[in-house]
Amino acid sequence: MSQISLPLDWASRGKDGIFLLSESNRLAVRHLDHWGVWPVRTSILTGPAKSGRSTLGRLFVRKTGGKMIDDARGVDEEMLFHAWNDAQLGHYPLLLIADCAPAMWDIALPDLRSRLAAAPHVAIEGPDDALTLALIEKGLSDCGAAWSPDLPTFLHRRVERSYAGIAAVIACLNDASLSQSRKISVPFAKEALQKAGLADI
């Protein structure tokens, strides 16, 4: 599992975070990497909660000098309309980030609706097996608690295949480890997750 290994190295630490590349998000990253051939200056990126869509958007802005609007579905329609037009006139890329495609948004402004319909849409899919394991390993490492080498494989076989589900399991184990000052072993993880109802052990 690489952090990013496409033509542009998107790997970043610090305030932008780290975005892990897999088959689940490869098409989305490739689309953003080729923003110069977008049919219009605006594209829409969607993905599940905790999928890294905002992190990817920030990396996109840093790499391209463009702009992004996060949670675009809830933004004022007039603002979105003017942001779209400004990107076309200013010749810079604008990335709109949301949880679902514009066809599912409740858009009252006809001109905005037509513009969003013309924009390319690319989605981050749910985590595949490789990304699930990588997210578990990264999550455990980021927490800082000590954990057993066999723990990631154990969790990989049992956690819900969703970004939010993985994040919830890691948060549960970290909290349990800190509160009890214990290393996260497989038996400890079984006990903590069974209590929280977060894994089918």
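Described below are features of the structure shown in this document. (Residues numbered from 1 in each chain as written. Predicted model: local features only at pLDDT ≥ 70, side-chain atom pairs only at ≥ 80, totals over all residues. Heavy atoms only, no water.)

Locating S51 in the fold gives a position in the loop between β1 (42–46) and α2 (53–64). At 2.7 Å, the side chain of S51 and the backbone oxygen of P48 are in polar contact. The residues touching S51, leaving out its near neighbours within four places in the chain, are F19, I124 and Y163. (Helix = DSSP H or I, 4+ residues; strand = E, 2+ residues; numbered from the N terminus. Polar contact = N/O pair within 3.5 Å; in protein donor to acceptor, adjacent residues only side chain to side chain. Contact = heavy atoms within 4.5 Å.)

Here we take up the side chain of T132. With respect to the helices and strands, the residue T132 is situated in helix α5 (residues 129–143). Its relative accessible area of 0% is what places T132 among the buried residues. When neighbours within four sequence positions are excluded, T132 is seen to be in contact with P127, H156, V159, R161 and I166. (Buried < 20%, exposed > 50% of the residue type's maximum accessible area, 1.4 Å probe, protein only.)

Unusually for a residue other than glycine, K50 sits at a positive phi of about 70 degrees. On the secondary structure map, K50 appears in the loop between β1 and α2.

With that out of the way, let us pick up the layout of surface pockets. Computed from the structure, the largest pocket encloses a volume of approximately 410 Å³. Lining the largest pocket are 18 residues, and of these K50, G52, L135, K138 and Y163 lie nearest its centre. Taken together, the elements giving at least two residues each to the lining of the largest pocket come down to α5 and α7 (163–180). The element that contributes the greatest number of residues to the lining of the largest pocket is α5, accounting for five residues. (1 Å grid on protein atoms, 1.4 Å probe; cavity = no way out; pocket = protein on both sides within 12 Å on 5 of 7 lines; lining within 4 Å. Points joined across faces, edges and corners; volume = space filled by probe spheres on them.)

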